[in-house]
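Per-entry structural report
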Amino acid sequence: MLRRLLLAAVLLAAAPAAAHEVQHHVERGEAVIVTLEYADGVPLAYEEVEVRAEGEDQPILLGKTDVEGRIAFVPDSGTSYVVRAFAQDGHGAQVRVAASDGEAEMAPVSSSARGTGGVGRILLGVVLILGLFLGLRRIVARDGASPQRISQG
Amino acid sequence: MHVPDGFLGPQTYVSATVVGAGLWSVGIARVRRQLDAVALPRVGVLTALAFVLMMISIPIPGGSTVHFGGVALLALTFGGWTAFVCISLVLLMQAGLFGVGGITSVPVAALLIGFVGAWTAVAVHRLLRGLGDRVALFGAGWFSVVVPAALMAVVLGLQPAVAAGSDGRPLFFPFGLDVTLTAVIVPHLLVGVGEGLLTVMMIEALRRIGVEPVPAGGRA
């Protein structure tokens, strides 16, 4: 009798204990992985990240990038997301992950992390700037120089 | 200091746009009135140099990157207003054409890097002139980087207080002043050294080809 009572007591105690247990499931599926790195290829590692469904205030994920500068999340089909990564010194990125037929497509919006690189981009910028100022020079030269204008050198 | 979109709240960038619009109108009017056909290509070359300097990231310990700006060089050669307009153009091009920095952060960056940086360089150069030409040039370059960086740290660090959700969570840049002042300013103390040296070397090189720094009375 005493044994039965003890067994019953143990079973009754086990039920509430199970209520505190965290169940887990391991499954493999498709996720979006956003990788963030500086222009020289150094990962934006261990920095603050948030993921929101576009137009929503409540983030679906708050966390940090991993050692490789990656953040991964599982998107709902047909939903676009905005991923923001913040480094303490003001670097970071905002990336829009567009949903298209259930498959996510990367569409970067802006990023200081990809801020440089590419000799072609630098050359293009230089050409545009020089072209702009040479165009202005032609206009000014055509209109005639004012006596109060500065002429360096 | 190329801050991406989504880091600054509308309270910040709308205010900066309003202030910037007034300063840009003044600056463009002065540049149009005072630069002639000889000066314009030279301004273009230094603006292109500033663009290149801002596009070249220099890695620093900790994984982040910094870059030079050429603001003091422009300000001391062609005046604060010209430097402000040219740096604003560079920042707008970088954000609009190349995605370097957010388009919404351009007004803030232009005010801090372009306007504050340029006039800080001019003011420091005048203040330190008595200590020697190279000291004044170096100081102008150093402060033209550090002062805007400090102000950018304040702007970023105030975002959690300026724009938070109903649950108190920051809607934009999440770190406060206790973090940003150190994280932003300290790297720029070193960047300022490079900017100072660059300013000295470039101004001296320009003098050798007959381009003198702006006189004490100031220019555009």
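See the structure shown above.
Predicted model only: the values in this text are computed from it and were never measured.

1. Considerations on the side chain of Arg84 of chain A
Within the fold, Arg84 of chain A resides in strand E5 (residues 81–86). There is a polar contact of 2.6 Å between the side chain of Arg84 of chain A and the side chain of Glu50 of chain A. Polar contacts involving the side chain of Arg84 of chain A include one to the main-chain carbonyl oxygen of Leu171 of chain B, which spans 2.6 Å. Sequence-distant contacts of Arg84 of chain A, defined by excluding residues within four places in its chain, comprise Glu48, Val49, Glu50, Arg52, Ala93 and Gln94 of chain A together with Gly6, Leu171 and Phe172 of chain B.

2. Focus on the pattern of salt bridges
All names here are of chain A. Tallied over the full model, the rule gives eight salt bridges over all chains. Residues Lys64 and Glu48 are paired through a salt bridge, measuring 3.1 Å at the closest nitrogen-oxygen approach. On the criterion of sequence distance, the pair formed by Lys64 in strand E3 (residues 59–64) and Glu48 in strand E2 (residues 48–53) is long-range, its members being 16 residues apart. Overall, Glu48 belongs to the partly exposed group, its relative accessible area being 30%. In this structure, a network of salt bridges that share partners links the residues Glu50, Arg52 and Arg84.

3. Examining empty space enclosed by the protein
All names here are of chain B. A complete count under the given rule lists two cavities of 30 Å³ or more for this structure. Within this model, the largest cavity holds a volume of roughly 350 Å³. Residue lining of the largest cavity: 32 residues in total, with Met1, His2, His67, Ile113 and His188 positioned closest to the centre. Of all elements in the fold, only strand E2 (65–66), helix H6 (133–162) and helix H7 (177–208) reach the threshold of two or more residues within the lining of the largest cavity. Sorting elements by how many residues they give to the lining of the largest cavity places H7 first, with six residues. The residue makeup of the lining of the largest cavity, split by class, is 17 nonpolar, 13 polar and two charged. Quantified by volume, the second largest cavity comes out at close to 60 Å³. As for the second largest cavity, its lining consists of Met1, His2, Val3, Leu91, Gln94, Ala95, Val100, Gly101, Gly102, Ser105, Val106 and Ala109.

Rules and cut-offs
- Residues numbered from 1 in each chain as written.
- Chains lettered and ligands numbered in written order.
- Predicted model: local features only at pLDDT ≥ 70, side-chain atom pairs only at ≥ 80, totals over all residues.
- Heavy atoms only, no water.
- Helix = DSSP H or I, 4+ residues; strand = E, 2+ residues; numbered from the N terminus.
- Polar contact = N/O pair within 3.5 Å; in protein donor to acceptor, adjacent residues only side chain to side chain.
- Contact = heavy atoms within 4.5 Å.
- Salt bridge = Lys/Arg side-chain N within 4 Å of Asp/Glu carboxyl O.
- Buried < 20%, exposed > 50% of the residue type's maximum accessible area, 1.4 Å probe, protein only.
- 1 Å grid on protein atoms, 1.4 Å probe; cavity = no way out; pocket = protein on both sides within 12 Å on 5 of 7 lines; lining within 4 Å.
- Points joined across faces, edges and corners; volume = space filled by probe spheres on them.
- Nonpolar A, V, L, I, M, F, W, Y, C, P; charged D, E, K, R; others polar.

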